[in-house]
Amino acid sequence: MSTRQLTRAALFAVAAVALAGCAAFAPRPDYDALTAQMMKSSFRDQGIAKVDRLQQDAANAECSKAEGKPLPDDLARALQDAALKTVKMPGDGRFIGDWREGEKLAQNGRGMTWTDASAATTANGGNCYNCHQIDPKEISYGTIGPSLYQYGKNRGVADVNAPTARPILEYTWTKLYNAKAYNACSGMPRFGHAGLLDEKQMRDLMALILDPQSPVNR
Ligand code: HEC
């Protein structure tokens with residue numbers, strides 16, 4: 001090696017040690033605080049879309065903290081129990097509506113954006129297709145959630161009014177109302193709890209996945 005090359009090599013070595021030193025001794029940035037700051041400066045209230053949507057409730061906060069790892073059993077159970085308490089069964093005791101209306105809702109991802117005049121004038125869609133397969137005729141669907149094709153049939157629902165169907169009706173209603181009741185860190189929107197869908201809409205979606213006449217179960 002020439003002197004010049006040697007000098008260069010030495011300089012690189014010094015730089016490498018200095019960099020390694022920085023990485024070892026610099027305090028780890030507070031990524032949570034930085035993220036919160038970035039979110040706060042990137043979003044603003046507009047129309048019906050308000051920045052308070054970024055505030056996490058207890059379940060969301062615990063699940064973010066766990067970073068995808070399972071929660072301790074006790075904590076998961078406590079959050080699920082709290083979620084279960086929020087669930088309201090349908091006022092008139094009817095769980096099943098019109099699957100045709102449910103089908104439209106399942107394929108409709110509209111609602112909740114600042115261009116929607118108001119939550120009162122723009123009914124939200126259910127957006128189910130974005131995460132679930134519903135019907136084999138769909139052009140596209142997401143796979144974040146399990147396929148709902150044959151949901152009722154696979155669970156033996158031949159008659160939605162039969163007493164034997166009752167437990168699966170209650171389970172499914174609860175799942176739609178507040179998915180965290182059975183899975184603390186569920187990624188499914190809490191349609192009833194968050195006021196995204198009303199009882200009639202939920203009944204129509206129940207019909208879509210449970211009624212033996214619906215294309216989901218034929
Ligand atoms: C953002 C994604 C997402 C959307 C939108 C969504 N789901 Fe889900 N859903 C999930 C995930 C993930 C699961 C599985 C994990 C769990 O149970 O929480 C699930 C589970 C379910 C289950 C339970 C399945 C079982 O076998 O027990 C039902 C029923 C269901 N979803 C129905 C619906 C309906 C109806 C809609 C539309 C109104 C919908 N979901 C919208 C993500 C979603």
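Look up: the structure comes first, before these words.
This report concerns the structure included in the present document. (Residues numbered from 1 in each chain as written. Predicted model: local features only at pLDDT ≥ 70, side-chain atom pairs only at ≥ 80, totals over all residues. Heavy atoms only, no water.)

**A word on the site of the ligand**
Heads up, the rule is: The nearness test applies per residue and asks whether one of its heavy atoms lies within 4 Å of the molecule or strand. Between N or O atoms, a polar contact is any pair within 3.5 Å; within protein, one atom must be a potential hydrogen donor and the other a potential acceptor, and residues adjacent in sequence are included only when both atoms are from side chains. Secondary structure elements are taken from DSSP: a helix is a run of H or I of four residues or more, a strand is a run of E of two residues or more, and numbering for both begins at the N terminus. For this classification, the nonpolar set comprises Ala, Val, Leu, Ile, Met, Phe, Trp, Tyr, Cys and Pro, the charged set comprises Asp, Glu, Lys and Arg, and every other residue, Gly included, is treated as polar.
Taken together, 22 residues form the shell around the ligand, and within it Cys128, Cys131, His132, Tyr171 and Met188 come nearest. Taking Arg155, its side chain carries an N or O atom lying 2.7 Å from an oxygen atom of the ligand. Of the residues forming the shell around the ligand, the biggest block, three residues, is contributed by helix α7 (residues 166-177). Here the residues of the shell around the ligand sort into 13 nonpolar, seven polar and two charged.

**Focus on the coordination of the iron atom of the ligand**
Where we set the bar: Metal coordination here is assigned from N, O and S atoms located within 2.8 Å of the ion, or within 3.2 Å for Na, K and Ca; omission of water means that sites may look incomplete. Site shape is set this way: if four donors have all angles between 85 and 135 degrees, tetrahedral; if opposite donors are over 155 degrees apart and all others between 65 and 115, square planar for four donors and octahedral for six; otherwise irregular. Exposure categories follow from relative accessible area, calculated using a 1.4 Å probe and restricted to protein chains: below 20% of the type maximum is buried, above 50% is exposed, and the middle band is partly exposed.
For the iron atom of the ligand, the full set of protein donor atoms is His132 (NE2) and Met188 (SD), at a range of 2.0 to 2.2 Å. Coordination at the iron atom of the ligand is octahedral, judged from the six donor atoms that bind it and the angles of 85 to 178° they form at the metal. Placement of the pair is His132 in the loop between α5 (99-106) and α6 (151-154) and Met188 in the loop between α7 and α8 (199-210), with a sequence separation of 56 residues. The burial state of His132 is the same as that of Met188; both residues are buried.

**So, unusual backbone geometry**
Keep in mind that most residues, glycine aside, have a negative phi and that most peptide bonds are trans. Positive phi values are uncommon outside glycine, yet Glu67 reaches one of about 50°. Position of Glu67 among the secondary structure elements: in the loop between α3 (58-66) and α4 (73-85). Not every positive phi belongs to a glycine, and Asn127 is a case in point at roughly 65°. Along the chain, the position of Asn127 falls in the loop between α5 and α6. With a relative accessible area of 29%, Asn127 lands in the partly exposed category.

**Overview of the side chain of Gln80**
Cut-off, in case you're wondering: We call two residues in contact whenever any of their non-hydrogen atoms come within 4.5 Å of each other.
One can find Gln80 in helix α4. At a separation of 3.1 Å, a polar atom in the side chain of Gln80 contacts the main-chain amide nitrogen of Ala184. Here Gln80 is in contact with Lys180, Ala181, Tyr182, Asn183 and Ala184, once residues within four sequence places are set aside.

**Quick word on the packing of α7 against α8**
For the record, the criterion: Each axis is a line fitted through C-alpha atoms, taken for helices only over the stretch in contact, and angles between the N-to-C directions span 0 to 180 degrees. Here roughly perpendicular refers to angles of 65 to 115 degrees, roughly parallel to angles under 35, roughly antiparallel to angles over 145, and oblique to all remaining angles. Working rule for handedness: look at the near helix, and if it is turned counterclockwise from the far one by less than a right angle, call the crossing left-handed; if clockwise, right-handed.
Running from N to C, α7 and α8 point in directions that differ by 125°, and their axes come no closer than 11 Å. Judged on the interaxial angle alone, α8 and α7 are oblique. The way α7 lies across α8 gives a crossing that is right-handed. Every residue of α8 that contacts α7 at Ile168, Leu169, Thr172, Trp173, Leu176 and Tyr177 is listed here: Glu199, Met202, Arg203, Leu205, Met206, Ile209 and Leu210. Its residues assigned to classes, the contact of α7 with α8 comprises 10 nonpolar, one polar and two charged.

**So, the pattern of salt bridges**
We apply this condition: Salt bridges are defined by distance alone: a side-chain nitrogen of Lys or Arg within 4 Å of a carboxyl oxygen of Asp or Glu.
Applying the stated rule across the entire model yields 12 salt bridges. Asp57 is paired through a salt bridge with Arg190; the nearest N and O atoms lie 3.0 Å apart. Here Asp57, found in the loop between α2 (31-42) and α3, pairs with Arg190, found in the loop between α7 and α8; they are 133 residues apart in sequence, far enough to count as distant. Each member of the salt-bridge network shares a partner with another, and the members are Asp92, Arg94, Glu199 and Arg203.

Everything listed here is a matter of coordinates, which is why it stays silent on function.
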